[in-house]
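# Descriptive analysis of the structure
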Amino acid sequence: MNKIHVTTTVNGDPVEYLCEPQETLLDVLRNQLRLTGAKEGCGTGDCGACSVTLNGRLVCSCLVLAAEAGGQEVATVEGIADGDNLHILQKKILEHAALQCGVCTPGILVAAKALLEKHPDPTEVEARYWLAGNLCRCTGYDKIITAVMDAAAEMRGA
Amino acid sequence: MALDTEKREFKIIGTRPLRPDGIDKVTGRALYGADMVAPGMLEGKILRSPHAHARIVSIDASAALALQGVKAVVTASDFSEAKGELMQNILENCMAQDKALYHGHAVAAVAATSETIAKQALKLIKVDYEVLPHVTEIEDAVKPDAPVLRPDRRAKGAPEGTPANITNLSNFGHGDLEAGFAKADLIIERSFRTESTHQGYIEPHACLASMGPDGKADLWCCTQGHYAVRDMCASFLGMSLSQLRVTASEIGGGFGGKTVVFIEPVALALSRKAGKPVKMAMTREEVFKASGPTPSSLADIKIGMTKGGKITAAHAKLRFQGGAFPSGTIDLGAMCAFAAYDLEAVRAEGFNVMTNRPREAAYRAPGAPIGVYPVEALIDELCIELGLDPLDVRLLNAADKGTKSSYGPTFEAIGLKATLEAAKAHRHYNTPLGPNQGRGVSCGFWFNFGGSTSVSMSVNDDGTVAVTEGNPDIGGSRASVGMMAAEELGIPYENIRTIVADTNSIGFNDPTHGSRVTFSVGLATIEAARDAIKKMCTRVAKIWDIDPDAVMWEDGHARPAGENAGNYEPMSLAEIAAIASKTGGPIAGHYEVNADSAGVSFGVHLADIEVDPETGFSTVLRYTVFQDAGKAIHPAYVEGQMQGGAAQGIGWAMNEEYIYGKDGLLQNAGFLDYRIPVASDLPPIEAVILEIPNPGHPYGVRGVGETAIVPPLAAVSNAVSRAIGKRMRALPMSPPKILKVIKG
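Residues numbered from 1 in each chain as written. Chains lettered and ligands numbered in written order. Predicted model: local features only at pLDDT ≥ 70, side-chain atom pairs only at ≥ 80, totals over all residues. Heavy atoms only, no water.

## Topic: the domain arrangement of chain A
Residue and element names in this part refer to chain A. Per the domain assignment, the segments of chain A are domain 1 (4–77) and domain 2 (88–155). Contact with domain 1, which involves twelve residues of that partner, is made by twelve residues of domain 2. Taken over both partners, the interface formed by domain 1 and domain 2 buries close to 880 Å², and the fraction arising from carbon and sulfur atoms is 68%. It is Cys47, Leu58 and Val77 that lose the most area in domain 1 upon contact with domain 2, and together they represent 45% of the buried surface on that side. (Domains from an automatic or database assignment. Contact = heavy atoms within 4.5 Å. Buried area = accessible area lost by both parts, 1.4 Å probe.)

In structure tokens, the structure reads:
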């Protein structure tokens, strides 16, 4: 089987890989680049646990072919913190105890960051609809939404 | 282990510190089941039955084994004979023997150098099936001519003529029902129905198994109980317990569904045969098809009530469908059905039915939601008929300390009445409703569990403490355990690191189930700290050359116990630890217990729901949970359990169901068609914690994890029924089903 050579950037770092035509971006992130923060919860784009951004656009990496990522900017949960400094969203998720098992948390963080970059002042309903593609089975979403709204306020300097 | 009689002021308990595993979980560093790799690792895949019920005539794997990159194929013959019926059932659920019992039942497995090759190999395994008639519904499975799954599994001691698919007869209660019903002013009898639901954890089952040629093996997996995994796998592989070391990964949700094995023994068998590590992960489709759904149920409930709202007699007949094997969950449903009430005459009876569906697995308070739902729904109907307030009626009949429960034992101090009163006084209950809106009330109950528990803690030279426990942390338990250790030792929370050790590193622990961890591991942690404190006091007594009884522990320091003990400078834990090697060697505390004093738990939920009469679409407008937590160690994680349980129960009530076709095949094995609540489906969920101490725990802790999934089914059903002015008696209440009832 012929593999495809892909050159791209992940979290700002240049990256090269060889992938099979049917392999997903999620497969390559997890199995080749060992960036296992994105999780496979369903493989069909229903749960959002594999959320990443491609050139700033929120996508399910299980629905993106690895070959499609060539020349784009991929951002994953591993790139959200600035070194040892957590992003405000990460801090708020922790402060509000907005995770229990934590397996949906990487996807929630990537999706919430994309929300706040586009809409710095969302209503609670807007935040709930934006995150409707990220399933969480533990929390009932209450503390997640509280954390996201609190982070939004702090990022606006409110 | 009694509640500390001395009223104490807590310094750390009741605060909300950050969880110790938090940074790993917001940065992607935390390693879950599918995140581990090993050098030379193979990928394992399972071949599953395309039929609901079929005899396996033969399996020919020669073409698969001939494919380049395929290293092993295993079938039922690669496992040892399991001991006892329960273990045989679990093994047979992991790998079909002479028959495939449901759509998705594992029949063979392959290990290959890549996932792609493993998938190709599955297609090359030839299975010759003799398709058999199937049955997936309770009503059909009890018919005299129903297909029989396993003739040898029929309920022991069942009366002559009992259908062969009936297992696990259940019967609880007391009093004279006939006399009780005679005293009633109104008797209503109704039938109810619920469908199977799935735990819906976001992380599919995953593991990495590695067995060496010497027969020693290591297993990494996401599980609620790695000791239970070890015991089951060792039995199925014919290994001794010490030869198999199991390490629990971080776990991406379980809710009961990860208390049993599915792929783990298969990965070990493949690794043994291939001589290499084997990684396996289920797809979401496999999770739905072959891991634990709940039972579906039918219930006939009859309750008699006086005009004033006093229940005079209550009877429940429950039938649970637990999949292709016997299931004892019917007992739990029958025990919980009437547990909230103080009744003179009560009986709950029932049985389990085997069908061609996956083996039922525990789901948060297993059996209780579907045992309690029809009772709470019928009480609401009685309240409406008699013009009574649903909270007043529940208060009038509520169980209290000293009540002989409907399932036998007499309750100790419980918080049901306080919880009902809190709901009644809350602004939610007193807010007016708009048109097409209804407010539903329901009580819920769960036993809570204690169980076998081991904790040890090492006092490090620098004054920090390492706590070692053996229960996978599914929702913040390392935080609550660390808080209890810090509280008892009198040192900062930040000076404790709590880890979940592998099966070789500490004594046996029952799984993270039964709402037991904060209760049992907490209790053992407190006692392990007291053991370490006793040792530290003994060391200090030696230094001061006084009697050990003359040294007391206070605020993280050893002090003279009184003026008679002498005048010595207190020594801190860090000072004692620094010179431990000179006073007798390392200092550690430990405690092992089979805790039997878990306090029972009650909750009350309020749900406001608006139904669109044109479409049957319903919206949860407001939701409040009231629950007795005993003592809330970390209130934020207690609230989280209450909110999460409520959300799962709302999903159960409104949308979630396993749908089987007439062909016996599962039609909705994915999150698109099996719809769990998303963020935009739910309102904020307010959690009100009550603290009625459990007399059986030093700090008064009760389990909190499970109770919250029990009330939502009836709370939502009662709210929808009141909103539309007609009674809903089946779950889930998806829009078409509500519309059908509205249109009558």
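## Let's talk about the environment of Ala669 of chain B
All names here are of chain B. Within the secondary structure layout, Ala669 lies in the loop between α18 (635–654) and β26 (685–690). Its relative accessible area of 18% is what places Ala669 among the buried residues. Residues Ala669 and Glu139, spaced 530 residues apart in sequence, show a C-alpha to C-alpha distance of 23 Å. Sequence-distant contacts of Ala669, that is, excluding residues within four places in its chain, are made with Arg284, Glu285, Phe288 and Lys289. (Helix = DSSP H or I, 4+ residues; strand = E, 2+ residues; numbered from the N terminus. Buried < 20%, exposed > 50% of the residue type's maximum accessible area, 1.4 Å probe, protein only.)

## Regarding helix α5 (residues 142–155) of chain A
With 14 residues, α5 of chain A extends 20 Å between its outermost C-alpha atoms, agreeing within 8% with the 20 Å of an ideal straight helix rising 1.5 Å per residue. Those residues of α5 of chain A not exposed but buried are Asp142, Lys143, Ile144, Ile145, Ala147, Val148, Ala151, Ala152 and Ala153 of chain A. Buried positions along α5 of chain A lie against α2 (88–95), α3 (105–118) and α4 (124–130) of chain A together with α18 and β26 of chain B. Positive backbone phi, at 80 degrees, marks Gly157 of chain A, one or two positions downstream of α5 of chain A. (Expected span 1.5 Å × (residues − 1).)

## Let's talk about the sheet that holds strand β9 (residues 206–211) of chain B
Residues and elements named next belong to chain B. Pairing within the open sheet is mixed, and its seven strands lie in the order β3-β5-β1-β12-β9-β10-β11. Across the chains shown, the open sheet's two edge strands, defined by having one partner strand only, are β3 (70–74) and β11 (244–248). On average, each strand axis in the sheet is inclined to that of its neighbour by 20 degrees, with strand direction left out of account. Two strands pair when backbone bridges link them, and β3 and strand β5 (residues 106–112) are joined in this way by four bridges, in the antiparallel orientation. Its bridge partner being in β5, Val70 is matched across the sheet by Ala112. (Pairing = 2+ DSSP bridges. Axes fitted to C-alpha atoms, helices over the stretch in contact; angles between N-to-C directions.)

## Brief notes about the pattern of salt bridges
Residue and element names in this part refer to chain B. Tallied over the full model, the rule gives 62 salt bridges over all chains. Between Arg727 and Asp380 there is a salt bridge; the shortest N-O distance is 3.1 Å. In this pair, Arg727 is assigned in the loop between α19 (712–724) and α20 (735–743) and Asp380 in helix α11 (residues 368–386), connecting sequence segments 347 residues apart. The burial state of Arg727 is the same as that of Asp380; both residues are buried. Salt bridges sharing partners connect three or more residues here, namely Arg19, Asp21, Lys25, Glu250, Asp473 and Arg478. (Salt bridge = Lys/Arg side-chain N within 4 Å of Asp/Glu carboxyl O.)

## What to know about the sheet that holds strand β22 (residues 571–572) of chain B
Residues and elements named next belong to chain B. The antiparallel open sheet is built from three strands, whose spatial order is β20-β21-β22. At either end of the open sheet lies a strand with only one pairing partner, and these are β20 (551–554) and β22. For strand β21 (residues 557–560) and β22, the ladder comprises two bridges, and the chain directions are antiparallel. Note that in β22 the partner of Ala558 across the bridge is Met571. Contacts from helix α15 (residues 517–544) reach β20, β21 and β22 within the one sheet, and its direction differs from that of β20 by about 130 degrees.

## What about the packing of α2 of chain A against α3 of chain A?
Residues and elements named next belong to chain A. Running from N to C, α2 and α3 point in directions that differ by 130 degrees, and their axes come no closer than 10 Å. Classified by the angle between their axes, α2 and α3 sit oblique to one another. Between α2 and α3 lies a crossing whose hand is right-handed. Packed against α2, whose contacting residues are Leu89, Gln90 and Ile93, the element α3 presents Thr105, Ile108, Leu109, Ala112, Lys113 and Leu116 at the interface. (Parallel < 35°, antiparallel > 145°, perpendicular 65-115°, else oblique. Left-handed = near helix turned anticlockwise from the far one by under 90°.)

## A short note on unusual backbone geometry
Residues and elements named next belong to chain B. Each neighbour pair has its own omega, and for Leu731 with Pro732 the value is -5 degrees, a cis peptide bond. With respect to the secondary-structure elements, Pro732 resides in the loop between α19 and α20. The phi angle at Ser515 is positive, at roughly 55 degrees, despite the residue not being glycine. Residue placement: Ser515 occurs in the loop between β19 (496–500) and α15. A relative accessible area of 14% places Ser515 in the buried class.

## With respect to the packing of α18 of chain B against α19 of chain B
Residue and element names in this part refer to chain B. Here α18 crosses α19 at 55 degrees, and the two axes come no closer than 8 Å. Here α19 runs oblique to α18, going by the angle between their axes. For the pair α18 and α19, the crossing hand works out as right-handed. Residues Gly645, Ala646, Gly649, Ile650, Trp652, Ala653 and Met654 of α18 form the contact with α19, whose participating residues are Pro712, Leu713 and Val716. Residue classes in the contact of α18 with α19 are distributed as eight nonpolar, two polar and no charged. (Nonpolar A, V, L, I, M, F, W, Y, C, P; charged D, E, K, R; others polar.)

## Quick look at the pairing of strand β1 (residues 4–10) of chain A
All names here are of chain A. Where β1 lies against strand β2 (residues 13–19), seven bridges are found, and the strand directions are antiparallel. Within the sheet, the bridge partner assigned to Val10 lies in β2 and is Asp13. Between β1 and the antiparallel strand that follows it, β2, lie two residues; Asn11 among them carries a positive phi value of about 50 degrees. Judged from the two bridges that link them, β1 and strand β5 (residues 73–75) form a sheet pairing that is parallel. Bridge pairing links Thr9 to Glu73 in β5.

## A short note on the packing of aromatic side chains
All names here are of chain B. A full pass over the atoms with the stated rule returns 18 aromatic pairs over all chains. Both rings, one in Phe411 and one in Phe445, keep their centres 6.1 Å apart while their planes meet at 55 degrees; by these two values the pair is tilted. With a gap of 34 residues between them, Phe411 in the loop between α12 (390–397) and α13 (416–425) and Phe445 in strand β16 (residues 437–446) connect regions that are remote in the sequence. The exposure class assigned to Phe445 is buried, which follows from its relative accessible area of 1%. For the ring pair Phe445 and Phe447, a centre distance of 5.2 Å and an interplane angle of 80 degrees mean the geometry is edge-to-face. You'll find Phe445 and Phe447 in the same group, each marked buried. A network of ring pairs unites the aromatic residues Tyr407, Phe411, Phe445, Trp446, Phe447 and Phe602 as a single cluster. (Phe/Tyr/Trp six-rings, centres within 6.5 Å; stacked < 30°, edge-to-face > 60°.)

## Re the pairing of strand β3 (residues 51–54) of chain A
Residue and element names in this part refer to chain A. Residue alternation in β3 divides its side chains into two sets, Ser51 and Thr53 and Val52 and Leu54, and both sets are buried. Sheet topology note: the β3/strand β4 (residues 57–60) ladder contains four bridges and is antiparallel. When the sheet's bridge partners are listed, Ser51 is paired in β4 with Cys60. Between β3 and β4, which pair antiparallel and follow one another directly, the connecting turn spans two residues, one of which, Asn55, has a positive phi of 50 degrees. Note: β3 against β5, two bridges, orientation antiparallel. For Thr53, the partnering residue across the bridge sits in β5 and is Ala75.

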